[in-house]
Amino acid sequence: SKLRNKVEHEVQSSSKYVIVNISSVSECNADGVRELIQLAIDLRDHGGMLILTHAEDQFTRLFNKADITFIPTDTEAIDFIFMDQLEKQFLNDNPE
């Protein structure tokens, strides 16, 4: 799929976080669900995260056990990423 190709390109170019605005998506079939879950796993395995924004409740229920982060808006997703990076940096700088 186009989404998978774009995400794989980002992962190979060292991007760890991918934000996907799904506001224009009205439905998602089983193949789409599997694809998004696999993308989330691939990103997590590379130290990253898949973030979906503008998701309807039906999508959050579909992925409730998947390792996918839902953030209401794109701007909040960017803020979330900065905070996640700061937290990881702080934890690496201050081992217990």
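Our subject is the structure listed above.
The structure contained in this document is the topic of the report that follows.

Summarising the element assignment, Asp 84 is placed in helix 4 (residues 74-93). Residue class for Asp 84 comes out buried when judged on its relative accessible area of 13%. A polar side-chain atom of Asp 84 sits 2.5 Å from a polar atom in the side chain of Tyr 17.

Further remarks concern the nonpolar core. Among the nonpolar cores identified, the biggest contains 14 residues, and Val 20, Leu 36, Leu 50, Leu 52, Phe 63 and Ile 68 are the most heavily contacted of them. Of all the secondary structure elements, the ones that give two or more residues to this core are strand 1 (17-21), helix 2 (30-45) and strand 2 (49-53). Beyond its immediate sequence surroundings of up to four residues, Leu 50 is in contact with Val 18, Val 20, Leu 36, Leu 39, Ala 40, Leu 43, Ile 68 and Thr 69. Tyr 17, Met 49, Ile 51 and Ala 77 belong to the second-largest nonpolar core, a separate cluster that totals six residues.

To continue, consider helix 4. With 20 residues, helix 4 extends 29 Å from end C-alpha to end C-alpha; this agrees with the ideal 28 Å at 1.5 Å per step. All of the buried residues along helix 4 are Ala 77, Ile 81 and Asp 84. Buried positions in helix 4, seen along its axis, are confined to an arc of 65° and lie on one side of it. Turned more than 90 degrees off the buried face of helix 4, the exposed positions are Thr 75, Met 83, Phe 90 and Asp 93. Where the residues of helix 4 are buried, they touch strand 1, strand 2 and strand 3 (69-71).

Rules of the game
- Residues numbered from 1 in each chain as written.
- Predicted model: local features only at pLDDT ≥ 70, side-chain atom pairs only at ≥ 80, totals over all residues.
- Heavy atoms only, no water.
- Helix = DSSP H or I, 4+ residues; strand = E, 2+ residues; numbered from the N terminus.
- Buried < 20%, exposed > 50% of the residue type's maximum accessible area, 1.4 Å probe, protein only.
- Polar contact = N/O pair within 3.5 Å; in protein donor to acceptor, adjacent residues only side chain to side chain.
- Core = buried A, V, L, I, M, F, W, Y, C linked by side-chain atoms within 4.5 Å.
- Contact = heavy atoms within 4.5 Å.
- Expected span 1.5 Å × (residues − 1).
- Arc of directions from axis to C-beta.

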